[in-house]
Amino acid sequence: MPVSRLFQFGAAMLAIVLVAIATVNLMPFGVAFDPVPMPTGHLPDSPSANDQRVTRAEWEPASGPLAQPEDIVADASGALFVGTSDGLIMRRAAQADEWTVFAEVGGRPLGLFLDHDGTLLVANNSLGVQRVFPNGTVDLIADTVNGEKIGLPNGVVSDAEGMIYVTDSSTRYNRGTLGPQPTYALPDLLEGRPHGRLIRIDPATGDTEMVTDGLYFPNSLVLAPDGRSVILAESSRFRLLRVWIEGPEAGQTDVLIDALPGNPDGLDYDAEGMLLLTLYDHVEALNTLILPYGFSRRILMSLPRAWFVNNDLSGFVAVIDPDSFEIVRVLRDASGFSPSNVVQVGNVLYSGTLVGDRVVQAPYP
């Protein structure tokens, strides 16, 4: 290691230690933290304005303030639905300006999916998988699998037969084990262990079964066009995966994109069938000074989570060919806005946000 790099590393580690000593009691976890070595290898840089694939996205507010509207979906009429951090599902009718309360689901609603019968499926952190009927009535479908609590229900979809698939992002780091936190992805990433799984639910009976486990913070997911697999974002390994749900390969996984140029979150299709993947920009200091070293990850775990999730988060939308799984286009706003989940309605792309307070919109395609 060059002397200049060694000095920078030593200074950074000293600063982390000093801050940790001053704040170690601010964020007690009470959950065993046992980091393991992380995979080695260079992560590609997040796409810059000089990347030929980058198109400037002109994000602008689409509505008044909402409490961290992370996921967003639309029905056939163009009405929008979002889940907010205060336990509400908010709805905005097509061509309307105001949001109204569609349902009170409690907890922290994350992934949303509109089923074929108009029922809204909700992956609710710490509460389980819920459905909201068109009249706003809320029903709990399932909150356990194999006798264990579904720790962090995150992404949710259903197939043509009505079977529901939900990602349980982390059985160790979630609202039930840590209480309310700005993020559960960070401690999961820092430990480097696969605490995630994919679960299948029969909504008619509430019966659940595990499709596969050993996943690294599985996040949003979509059903593959042929219905035989799901495609999901594996946030803690910066990958896009296929998990087979039917046939002799059921339960097996394939890596579709390895070493993504950002931390993946939301996943959807556009009107042409292209995949829309939202990603947060890589943080160089995290990737080079923290993740390679167990000691530095232990130190970072002692710091308040709010220090690392704030309005300075930046990101982009990657448009991915569903056959070749090549990133063919990147949508990035000059302000650095970080989309969490997106949905296309006509010629407009709407986005939620992990840390902000508004749904935004931009022309698309």
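Just so it is clear, the structure is predicted and the values come from calculations on it, not from any experiment.

Undergrad: Outline the side chain of Thr 278, listing residues and values.
TA: One can find Thr 278 in strand S22 (residues 275–280). Classification of Thr 278 as buried rests on a relative accessible area of 0%. Polar side-chain contacts of Thr 278 include one of 2.7 Å to the backbone nitrogen of Gly 266. In terms of polar contacts, Thr 278 uses its side chain to reach the backbone carbonyl oxygen of Ser 340, at 2.6 Å. Residues within four places of Thr 278 in sequence aside, it is in contact with Asn 263, Pro 264, Asp 265, Gly 266, Phe 316, Val 317, Pro 339, Ser 340, Asn 341 and Val 342.

Undergrad: Any details on the sheet that holds strand S2 (residues 60–61)? Residues and values, ideally.
TA: The pairing of strands in a sheet happens through backbone hydrogen bonds and is either parallel or antiparallel. Within the open sheet, the 4 strands sit side by side as S2-S27-S26-S25. Their pairing is antiparallel. If you trace the sheet from one side to the other, it starts and ends with S2 and strand S25 (342–345), each paired once. Sheet topology places S25 next to strand S26 (residues 348–351); 4 bridges connect them, and they run antiparallel. Its bridge partner lying in S26, Val 342 is registered against Ser 351.

Undergrad: So what's going on with the environment of Arg 297? Which residues, and what values?
TA: Looking at the element boundaries, Arg 297 is found in helix H5 (residues 294–301). In sequence terms Arg 297 and Gly 192 are 105 residues apart; their C-alpha atoms lie 9.8 Å from each other. When near neighbours in sequence (up to four residues on either side) are disregarded, Arg 297 contacts Phe 33, Pro 35, Val 36, Pro 37, Met 38, Leu 190, Glu 191, Gly 192, Ile 290 and Leu 291. Among the polar contacts made by the side chain of Arg 297, one reaches the main-chain carbonyl oxygen of Leu 291 at a distance of 3.1 Å.

Undergrad: Go over unusual backbone geometry, please, and point to the residues and values.
TA: Cis rather than trans, the peptide bond between Tyr 364 and Pro 365 has omega equal to 5 degrees. Residue position: Pro 365 is located in the segment after strand S27 (360–363). Here Gln 95, not a glycine, exhibits a phi torsion of approximately 70 degrees, which is positive. Among the secondary structure elements, Gln 95 is positioned in the loop between strand S5 (88–92) and strand S6 (100–104). Classification of Gln 95 by relative accessible area gives exposed; the value is 80%. The phi dihedral of Phe 217 is positive, around 50 degrees, even though this residue is not glycine. Note that Phe 217 resides in the loop between strand S16 (208–215) and strand S17 (218–223).

Rules used throughout
Residues numbered from 1 in each chain as written. Predicted model: local features only at pLDDT ≥ 70, side-chain atom pairs only at ≥ 80, totals over all residues. Heavy atoms only, no water. Helix = DSSP H or I, 4+ residues; strand = E, 2+ residues; numbered from the N terminus. Buried < 20%, exposed > 50% of the residue type's maximum accessible area, 1.4 Å probe, protein only. Polar contact = N/O pair within 3.5 Å; in protein donor to acceptor, adjacent residues only side chain to side chain. Contact = heavy atoms within 4.5 Å. Pairing = 2+ DSSP bridges.

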